[in-house]
2 protein chains.
Amino acid sequence: MQPNSDTINKIHQGDRKTIARSISLVENEVDGYRELLRGLTIKDQPVVGITGPPGAGKSSLVNALLAELLEDDLNVAILAVDPSSPFNFGALLGDRIRLNQYYEDPRVYIRSIATRGALGGLSDKIIEITDVLKAAPFDIILVETVGVGQSEVEIAGLADTTVVVLVPEAGDEIQTMKAGLMEIADVFVVNKADRDKAENFAQNLRLMVMSRGAKDWETPVLLTTATLFEGIPALKAKIIEHNRLAADGIRKAQLLSIKAWKLIRKERMAGLDRQLLLNEIKMQLSKGAFNLHAFVQKFIDRK
Amino acid sequence: MQPNSDTINKIHQGDRKTIARSISLVENEVDGYRELLRGLTIKDQPVVGITGPPGAGKSSLVNALLAELLEDDLNVAILAVDPSSPFNFGALLGDRIRLNQYYEDPRVYIRSIATRGALGGLSDKIIEITDVLKAAPFDIILVETVGVGQSEVEIAGLADTTVVVLVPEAGDEIQTMKAGLMEIADVFVVNKADRDKAENFAQNLRLMVMSRGAKDWETPVLLTTATLFEGIPALKAKIIEHNRLAADGIRKAQLLSIKAWKLIRKERMAGLDRQLLLNEIKMQLSKGAFNLHAFVQKFIDRK
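Fair warning: this is a prediction, and the values are worked out from it, not measured in the lab. (Residues numbered from 1 in each chain as written. Chains lettered and ligands numbered in written order. Predicted model: local features only at pLDDT ≥ 70, side-chain atom pairs only at ≥ 80, totals over all residues. Heavy atoms only, no water.)

1. A look at the sheet that holds strand β7 (residues 221–223) of chain B
All names here are of chain B. Convention followed: Strand pairing requires that DSSP identify at least two bridges connecting the strands. Counting from the N terminus, the helices are DSSP H or I runs at least four residues long and the strands are E runs at least two residues long. The convention used is that axes are lines fitted to C-alpha atoms, helices contributing only their stretch in contact, and that angles between N-to-C directions extend from 0 to 180 degrees. Only heavy atoms matter for contacts: two residues are in contact if any of them lie within 4.5 Å across the pair.
Within the open sheet, the seven strands sit side by side as β3-β2-β4-β1-β5-β6-β7. Their pairing is parallel. Bordering the open sheet on either side are β3 (108–112) and β7, each of which pairs with just one other strand. Strand-to-strand, the axes of this sheet are offset by a mean angle of 20°, without reference to chain direction. Here strand β5 (residues 161–166) runs beside strand β6 (residues 187–190); their pairing, made up of four bridges, is parallel. Of the residues in β6, the one forming a bridge with valine 163 is valine 187. Packing against the sheet, helix α11 (residues 232–246) makes contact with β1 (47–52), β4 (140–146), β5, β6 and β7, and its axis sits at approximately 150° to β5.

2. A look at the pairing of β4 of chain B
Residues and elements named next belong to chain B. Our working rule: The buried label goes to any residue with under 20% of its type's maximum accessible area, the exposed label to any with over 50%, and the partly exposed label to all in between, with areas taken from a 1.4 Å probe on protein chains only.
Among the seven residues of β4, seven are classified as buried, and the element is accordingly described as predominantly covered. Residues of β4 alternate between two faces, with Ile140, Leu142, Glu144 and Val146 on one and Ile141, Val143 and Thr145 on the opposite face, all of them buried. Where β1 meets β4, six bridges bridge the pair, whose relative direction is parallel. Opposite isoleucine 50, over in β4, you have glutamate 144 as the bridge partner.

3. Section: the packing of aromatic side chains
Counted only if it meets this: Here a pair means two rings of Phe, Tyr or Trp (six-membered ring of Trp) with centres within 6.5 Å. Their orientation is stacked below 30 degrees between planes, edge-to-face above 60, and tilted elsewhere. Charge-over-ring placement is defined geometrically: NZ (Lys) or CZ (Arg) within 6 Å of the ring centre, and within 35 degrees of the ring normal.
This model, assessed by the stated rule, comprises six aromatic pairs over all chains. Aromatic side chains phenylalanine 295 of chain B and phenylalanine 299 of chain B sit 5.2 Å apart centroid to centroid with 55° between the ring planes, which places their arrangement in the tilted category. With a gap of four residues between them, phenylalanine 295 of chain B and phenylalanine 299 of chain B both fall in helix α14 (residues 292–300), about one helical turn apart. Take phenylalanine 295 of chain B and phenylalanine 299 of chain B: they sit in the same class, and that class is buried. Each residue in the set Phe290, Phe295 and Phe299 of chain A is aromatic and connected to the rest through ring pairs, giving one cluster. Between arginine 274 of chain A and the ring centre of tryptophan 261 of chain B, over which it is positioned, the NZ or CZ distance is 4.3 Å.

4. Quick look at the pattern of salt bridges
Formally: Any carboxyl oxygen of Asp or Glu that lies within 4 Å of a side-chain nitrogen of Lys or Arg is treated as forming a salt bridge with it.
Inspection of the entire model under this criterion finds 32 salt bridges over all chains. A salt bridge links glutamate 267 of chain A to arginine 34 of chain A; the nearest nitrogen and oxygen atoms lie 2.6 Å apart. Residue glutamate 267 of chain A is located in helix α12 (residues 249–268), and its partner arginine 34 of chain A is located in helix α3 (residues 33–39); the two are separated by 233 residues in the primary sequence. Given a relative accessible area of 7%, glutamate 267 of chain A falls into the buried group. The salt bridge partner of lysine 236 of chain B is aspartate 72 of chain B, with a shortest N-O separation of 2.7 Å. Placement of the pair is lysine 236 of chain B in helix α11 and aspartate 72 of chain B in the loop between α4 (58–71) and β2 (76–80), with a sequence separation of 164 residues.

Put into structure tokens, the structure is as follows:
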């Protein structure tokens, strides 16, 4: 199916309804969604990933950052992939009411997407959905993801700038335990900085950043209290500063090659299901002799 | 090419030269290596992954564990994937001399494999090579990998039991920072336990293990000083205890399905090169308009 050129034009013009419908097409892989993506003129707006463990206050931070970006009269798209986010359904009523004002603002587009369990698949979907948003006249795109295990690493592969949000409580050890954060953070935020030990925790993070040695960008560690709007202008400034660095041609090409690899892999693995593999293996094991390499052979060619 | 049935028989019998040659075939993907793997009768021996950051003393620990397993007169295969391992070339002379005794022992087979940079590819190779070893009459297979960033996670997907080795020094914060260790460790070892703060660090790890709540296996935290052979019998006992749990049919099937998924993905991505993608993207970017999804399309079908 050829995509309607009217649809593409409307996305380029920023028509909210068309954007929403197109994201649903992409999210659900409805026939024609690939053709739609190929027909778009995808621009170069920064994609900012906001990630961290549950309870770090990511949604409040996104909320505050949004207000700050609107001060500059920017058009902002927000993609919320965090199932516990107030942008999503499992929300605290209080938070949702607070955010409701922005649903009315013509400069803002907020979209939540369902987390389907499979993280790999999810990060492919985020690539595709952010590209729909990048074809629309937004100035910046914020992607909020909950960091559990490997998922911080997933967002890092597709955002121009990755902000990792932590809280000072629960003990430094458990906080710093979170997988691979040092490697993916372009900006650290210690949120809920009005709590005990915030400065101490931030200082530990700074020591860790320094212990990694010289790089072209030294990951800043910022203190914020999002609910009181403290530290937000400084966060915006750091994000913009990092965006400028990330706009470099070589970094852009590298990021695109990572995205290309993931999308190709997704397509080449399409139609194969882990649960199906598991079921077949269980059945064959119950019959006796099992050779993994003989088993695998029949799945190598795509159906 | 059909694999020589003589080759397969010799692997089954444990002929060292044939095993060595066959691993080289698999490592270098020489024609016929897939047929060889499919022809093997792969048994059920436990594969024990030993991983951790550089300098944690993994090789000394493997060395001590090997001696302990030989006390029980077991046949042991060791696969060293750590480039800094004394089993490998970039070795400290002293360590190599210490290990040399085992090269002569008919119950021991030691093999190092080159780390080619690409971690994903490496973990696929480890699956294939350990399957060659599992077709031979070894009682247990130890796989030593250096943990840097995501590579601990890689080993966890293919070992029946994963031992994570840490050292008490360098500050608890930096130690506990190492990516995703909590999720992958079946056994924690605090090695070099004769140093300061070892017991304290172990206690912190135990608290973290407990904070995860009830599971079918509570990850033990053991103290060892491998060079003095302290704590090694307890480590062996815990590995054997965990192996018994891991021999459960459901866990086995799950591990096999993960391996199957990786091997299928490897084959379906064969012939595609990230550097090639990057180069093509750079060229197209220099020409102007670039659409990732149009770019990706021509790589979706396998060549």
